[in-house]
Amino acid sequence: KWTFTGAQQIVKGTVALMVFAGGMGTRLGSSDPKGMYDIGLPSHKSIFQIICEKFIRVQSYAAEICQRAGMNCAARFRCVLYIMTSGVNDKTTRDFFAQNENFGVPEDRLVFFKQASLPTFSFDGKLMMEDRTKIAIGPNGNGALFEALRSDQVLKNSISENKVEYIHLVGVDNILNKFLDPIQIGLAYTKGLKGCSKFSQKMYPEEPIGIFVKKGGKIDIIEYTELGEDMAKQTYEDGTLKYNQGNIINFLLHVETLNDLVSKADILNSLYHKAIKKMPVYNEKTGTSEKPDKENSYKLELYIHSFLPYVEGSYELIEGIRSEEFCPIKNKEGDPKDSPTTARSMISKLHASWIKRAFPEIEFKEEPSESFVVE
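Not measured: the values here are computed from a predicted model.

Rules used throughout
Residues numbered from 1 in each chain as written. Predicted model: local features only at pLDDT ≥ 70, side-chain atom pairs only at ≥ 80, totals over all residues. Heavy atoms only, no water. Helix = DSSP H or I, 4+ residues; strand = E, 2+ residues; numbered from the N terminus. Rg over C-alpha atoms; globule rule 2.2 N^0.38 Å. Buried < 20%, exposed > 50% of the residue type's maximum accessible area, 1.4 Å probe, protein only. Contact = heavy atoms within 4.5 Å. Areas by Shrake-Rupley, 256 points an atom, 1.4 Å probe, with all protein chains shown as cover. Lys, Arg positive; Asp, Glu negative; His and termini not counted. Charge placed at Lys NZ, Arg CZ, Asp CG, Glu CD. Salt bridge = Lys/Arg side-chain N within 4 Å of Asp/Glu carboxyl O. Pairing = 2+ DSSP bridges. Arc of directions from axis to C-beta. Polar contact = N/O pair within 3.5 Å; in protein donor to acceptor, adjacent residues only side chain to side chain. Phe/Tyr/Trp six-rings, centres within 6.5 Å; stacked < 30°, edge-to-face > 60°. Lys NZ or Arg CZ within 6 Å of the ring centre and 35° of its normal. Axes fitted to C-alpha atoms, helices over the stretch in contact; angles between N-to-C directions. Parallel < 35°, antiparallel > 145°, perpendicular 65-115°, else oblique. Nonpolar A, V, L, I, M, F, W, Y, C, P; charged D, E, K, R; others polar.

A. Representation of the overall build of the chain in the model. Helix and strand content of the chain: 12 helices and 16 strands. Rg of the C-alpha trace for the chain: 21 Å, near the compact-globule value of 21 Å for 375 residues, within the 12% margin. Taken over 375 residues, the chain has a buried fraction of 50%. Intrachain contacts of the chain at a sequence separation of at least 6 include 72% that bridge at least 24 residues. Taken as a whole, the chain presents about 18300 Å² of accessible surface, with 51% of it coming from carbon and sulfur. The distance from the centre of the 47 positive side-chain charges to the centre of the 49 negative ones in the chain is 2 Å.

Listed below in structure tokens is the structure:
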């Protein structure tokens, strides 16, 4: 039931996808926007291309669901894709899309908008410099969305003119996210929810992801840095982690909820967190920037999930199967955790499982591995 309801809304175009893509690929060893990164699949598709193709495909899939239910329905591609960029990568991102014909997304279904930026500081509190006269700045976190919604008239007009009712907010670096998932959308419409988030179970106590909790009767998220070692390791009698509902940056919000949160932007804009970063260091003697080997700076960021305690009305969580919906890409190639290497492995195993399910008579000569990637 939820799947069909969600598919109907996708076909109508009442839901939109919004991708937080203001960051750079610095931790991946790239000087480009993170969305431009090629994680090394056989196709060599960038993260942006994978997101766009999934965005297009889910609309065709929704039409197929409606057709199977007896509706005379063709894929209409009415959903809008919003890309949140920043001052450091806006032009490069727009140019990349233009050079690749928007990866098939219709021009009138694609909207870019910028978040704000803030200075970066060294650990001793000094301003980081990009060059001799220019302060190093960076995007101020995905929670900058609410200020952008308040101040960007083009963005506001697009949401209004396209009669968008729900917006699916996701991060750029999890390409297994089920963008515009009909089940999640159908749940929200069926129950008349103000919003709905997905979580995936933590793999181990120290995993660096935030955790969904209830505080004062409201759903909220505690950052892994704020959870504490003792709480992180608490388990139930069967050995499962007590605090294990990990935030995968997957929020489906009703537009009325977003508008209400925008009216509280002054409050949300004050909820900054200290984010540790790895930033190039300007060397005055050589006049060049040098890349550090480890984190050497911090900046203040707004986190998107800070809105949760301020939602008025019904809000629910559903679980996303980790092996199918969560493979963050945050660290350099070769890192055993949250890297292009681990993402390729997860994608390969998932795609191989699809082939086996669809064609049970097929036998693989070897299982997916680093040398045998299935896409």
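Right, picking up where we left off after that structure.
B. Molecular detail of the pattern of salt bridges. Going through the model one piece at a time under the given rule, you end up with 24 salt bridges. Ionic pairing is found between Lys 178 and Glu 325, a salt bridge with its closest N-O pair at 3.8 Å. Of the two residues, Lys 178 is situated in the loop between β7 (166-171) and α6 (182-191) and Glu 325 in helix α11 (residues 322-325); the sequence distance between them amounts to 147 residues. Accessibility expressed as a relative area gives 4% for Glu 325, which makes it buried. Of the charged contacts, one joins Arg 322 and Glu 207 as a salt bridge, the two residues approaching to 2.4 Å between their closest N and O atoms. One end of the pair, Arg 322, is in helix α11; the other, Glu 207, is in the loop between β8 (195-201) and β9 (211-215), and 115 residues separate them in sequence. Exposure remark for Arg 322: the relative accessible area of 15% places this residue in the buried category. For Glu 207, a relative accessible area of 2% corresponds to the buried category. Through salt bridges with shared partners, one network takes in Lys 178, Asp 181, Lys 198, Glu 324 and Glu 325.

C. Quick peek at the pairing of β9. Of the strand pairs in this sheet, β9 and strand β10 (residues 218-222) are connected by five bridges, and their pairing is antiparallel. Residue pairing for β10: Val 213 is matched across the bridge by Asp 220. What sits between β9 and β10 in their antiparallel hairpin is a turn of two residues, with Gly 216 showing a positive phi close to 65°.

D. The arrangement of the environment of Val 80 in detail. Locating Val 80 in the fold gives a position in the loop between α2 (47-68) and β2 (81-85). In sequence terms Val 80 and Arg 109 are 29 residues apart; their C-alpha atoms lie 4.5 Å from each other. With sequence-adjacent residues up to four places away left out, Val 80 is seen in contact with Val 15, Ala 16, Leu 17, Phe 55, Arg 109, Val 111, Ser 158 and Asn 162.

E. Focus on the sheet that holds strand β12 (residues 272-277). An order of β5-β15-β12 is seen for the three strands of this open sheet, with the pairing classed as antiparallel. Each edge of the open sheet carries a strand with a single partner, namely β5 (121-122) and β12. Where β12 meets strand β15 (residues 297-302), six bridges bridge the pair, whose relative direction is antiparallel. Pairing of Lys 274 across the sheet is with Leu 300, part of β15.

F. Molecular detail of helix α5 (residues 153-161). All of the buried residues along α5 are Leu 155, Ser 158 and Ile 159. Buried residues of α5, viewed axially, fall in a sector of 95°; they line one side. For α5, exposure combined with an orientation more than 90 degrees from the buried face picks out Val 154, Ser 160 and Glu 161. Capping the start of α5, Asp 152 holds a side-chain oxygen 3.1 Å from the backbone nitrogen of Val 154, two or three residues further along. Of the residues trailing α5, Lys 163 is marked for its positive phi of about 50°.

G. Region of interest: the packing of aromatic side chains. Scanning the entire structure with this criterion turns up 11 aromatic pairs. With 5.3 Å between their ring centres and 80° between their planes, Phe 97 and Phe 103 make a pair best called edge-to-face. For the pair Phe 97 and Phe 103, a shared accessibility class is recorded, and that class is buried. Between Phe 364 and Phe 372, the ring centres sit 6.2 Å apart and the planes meet at 65°, which makes this aromatic pair edge-to-face. Among the residues examined, Phe 372 registers a relative accessible area of 26% and is labelled partly exposed. Within the aromatic cluster, the residues linked to one another by ring pairs are Phe 48, Phe 96, Phe 97, Phe 103 and Phe 112. When the ring centre of Tyr 298 is taken as reference, the NZ or CZ atom of Lys 274 above it lies at 4.4 Å.

H. Representation of helix α3 (residues 90-99) within the structure. The set of residues buried in α3 consists of Asp 90, Thr 93, Phe 96 and Phe 97. Looking down the long axis of α3, one finds its buried residues gathered within 135° of arc, a one-sided arrangement. When the buried face of α3 is taken as reference, the exposed residues oriented beyond 90 degrees from it are Lys 91, Ala 98 and Gln 99. At its buried positions, α3 is contacted by α2, β2 and β3 (110-114). Looking at the residues trailing α3, positive phi occurs at Glu 101, about 50°.

I. Region of interest: the packing of helix α1 (residues 2-12) against α6. Two numbers describe how α1 lies on α6: the axes approach to 7 Å, and their chain directions differ by 95°. Taken as axis vectors, α1 and α6 run roughly perpendicular relative to one another. Each of Trp 2, Thr 3, Thr 5, Gly 6, Ala 7, Gln 9 and Ile 10 in α1 lies in contact with α6, whose residues at this interface are Pro 182, Ile 183, Ile 185, Gly 186, Leu 187, Tyr 189, Thr 190 and Lys 191. A breakdown of the residues in the contact of α1 with α6 according to their chemical character gives eight nonpolar, six polar and one charged.

J. Focus on the side chain of Gln 9. Following the sequence through the fold, Gln 9 ends up in helix α1. Those residues in contact with Gln 9, other than ones at most four positions away along the chain, are Thr 14, Val 15, Glu 165, Ile 185 and Tyr 189.

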